[in-house]
Amino acid sequence: MKLAPLLKIEKGVTAIIGSGGKTTLLRTLSGELPGRVLLCTSTHFQGYADLPTVLDPTEADLRKALAAHPIVCAAGRSPTGKLVDCGLPYETLADLADFVLVEADGSRRRPLKAHARHEPVIPPCTRQVICVVGLSGLHRPVSEVVHRPELFCPLVGCTPEDEATPERVARALVQEHLADTYFLNQAESGSVLQDAKIIASHLKSQGSSVVAGSQREKRYYIL
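Everything in this summary refers to the structure shown in the same document. In this text, all values refer to a predicted model and were calculated from it rather than measured experimentally. The numbering scheme is per chain: residues are counted from 1 as the chain's sequence reads. Totals for whole chains, interfaces and linings use every residue, but because this is a predicted model, local features are given only for residues with pLDDT of at least 70 and side-chain atom pairs only at 80 or more, for both listing and counting. The basis for the side-chain values is all heavy atoms of the structure; hydrogens and waters are excluded.

Time to look at the environment of Val145. Each helix is a run of DSSP H or I of at least 4 residues and each strand a run of E of at least 2, with the numbering of both proceeding from the N terminus. Mapped onto the elements of the fold, Val145 is located in helix H5 (residues 142-145). Overall, Val145 belongs to the buried group, its relative accessible area being 1%. Counting along the chain gives 36 residues from Val145 to Arg109, while the straight-line C-alpha distance between them is 9.0 Å. Throughout, a residue-residue contact means that at least one pair of heavy atoms, one from each residue, lies within 4.5 Å. Apart from the residues lying within four places of it in its own chain, the contact partners of Val145 are Arg110, Pro111, Leu112, Gly137, Arg140 and Ala164. For the exposure calls, accessible area comes from a 1.4 Å probe over protein chains only, and a residue counts as buried if that area is under 20% of its type's maximum, exposed if over 50%, partly exposed in between.

Consecutive residues of a regular strand have side chains that alternate between opposite faces of the sheet. With 5 of 5 residues buried, strand S11 (residues 181-185) is to be regarded as a mostly interior element. Here S11 shows a buried face lined by Thr181, Phe183 and Asn185 and a second buried face lined by Tyr182 and Leu184. By this definition, two strands are paired if DSSP reports at least two bridges between them. Bridging between strand S9 (residues 126-134) and S11 involves 5 bridges; their strand directions are parallel. Bridging from a neighbouring strand, Val133 pairs with Leu184 of S11. Inspection of the sheet shows S11 paired to strand S12 (residues 209-214) by 4 bridges, in the parallel sense. Paired with Leu184 across the strands is Ala212, a residue of S12. Regarding the hand of the β-α-β motif, the stretch spanning S11, helix H8 (residues 190-204) and S12 is right-handed. Clockwise travel from the first strand over the helix to the second, with the strands pointing away from the viewer, marks a crossover as right-handed.

Moving on: helix H7 (residues 166-176). For H7, the full list of buried residues reads Pro166, Val169, Ala170, Ala172, Leu173 and Glu176. Buried residues of H7, viewed axially, fall in a sector of 160°; they line one side. Contact partners of the buried residues in H7: strand S8 (112-113), S9, helix H6 (149-156), S11 and H8. Of the residues trailing H7, His177 is marked for its positive phi of about 45°. What the arc describes is the spread of directions from the helix axis to the C-beta atoms.

For this analysis, a salt bridge means a side-chain nitrogen from Lys or Arg found within 4 Å of a carboxyl oxygen belonging to Asp or Glu. Taken as a whole and assessed by the stated rule, the structure comprises 11 salt bridges. Close ionic contact of Lys113 with Asp105 constitutes a salt bridge, the shortest N to O distance being 3.5 Å. Of the two residues, Lys113 and Asp105, neither departs from the other in class, the shared state being buried. In this structure, Glu119 and Lys113 form a salt bridge, with 2.9 Å as the shortest nitrogen-oxygen distance. Residue classification places Glu119 among the buried residues on the basis of a relative accessible area of 13%. Salt bridges sharing partners connect three or more residues here, namely Lys22, Asp105, Lys113, Glu119 and Arg148.

Our focus in this paragraph is the layout of surface pockets. Any residue with an atom within 4 Å of a point lines the site, the site being either a cavity, points on a 1 Å grid over the protein atoms alone where a 1.4 Å probe fits but cannot get out, or a pocket, an open set with protein on both sides within 12 Å along at least 5 of 7 lines. Grid points are joined across faces, edges and corners, and a volume is the space filled by probe spheres set on the points. By volume, the largest pocket amounts to about 700 Å³. Taken together, 26 residues form the lining of the largest pocket, with Glu103, Gly106, Ser107, Arg108 and Arg109 sitting closest to its centre. Among the elements that line the lining of the largest pocket, the one with the most residues is helix H2 (residues 22-32), at 3 residues. Here the residues of the lining of the largest pocket are counted per class, giving 2 nonpolar, 15 polar and 9 charged. Lys, Arg, Asp and Glu make up the charged group, whereas Ala, Val, Leu, Ile, Met, Phe, Trp, Tyr, Cys and Pro make up the nonpolar group; the residues left over, Gly among them, are polar.

Worth remembering: the numbers are spatial, not functional.
Printed below as a string of structure tokens:
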């Protein structure tokens, strides 16, 4: 089963936010989507060792790269060596490729997160925002599994020592309401899938689409 049609990825710019598998999701989608695909970031990301990467590209650079390869990573390089926004307008990127997948925030490798005021960095021409949620963070102390617990706790009325229950995670996502579509990742057992269904029930009440599953096992479910 492919993930791209379940998430209803459209041509143009799609922003991926959240935590618990964003980088892997971009790579998975890039291999499933037809046509030319650009992977990039509006903040910073790790990049992909198995893909051609064009640094500080011009429009001509990317056009040439996409003529030779169906999937290309485009990025700038910060003074510290991090891969950052490539510097070209996203409208230009959307003209060059059929699909532009943008990693639009960071999570410090935590499976869950709350967003600061400056996050996420969504390109203005974005057609869809997908939020990834790492279910491996459930039932563990908020302080251990949530990026920015100091923002998460006031959203849901808990302390950093409390568990990140499905209900609390759902409440935080509903309060932030940053995405059209949610991908509940790391659903690798029946009990975790039940937790995903609890979160999905809250998200669907605000009109969001929800898909759960495991990128590692390549199993996905529409909730």
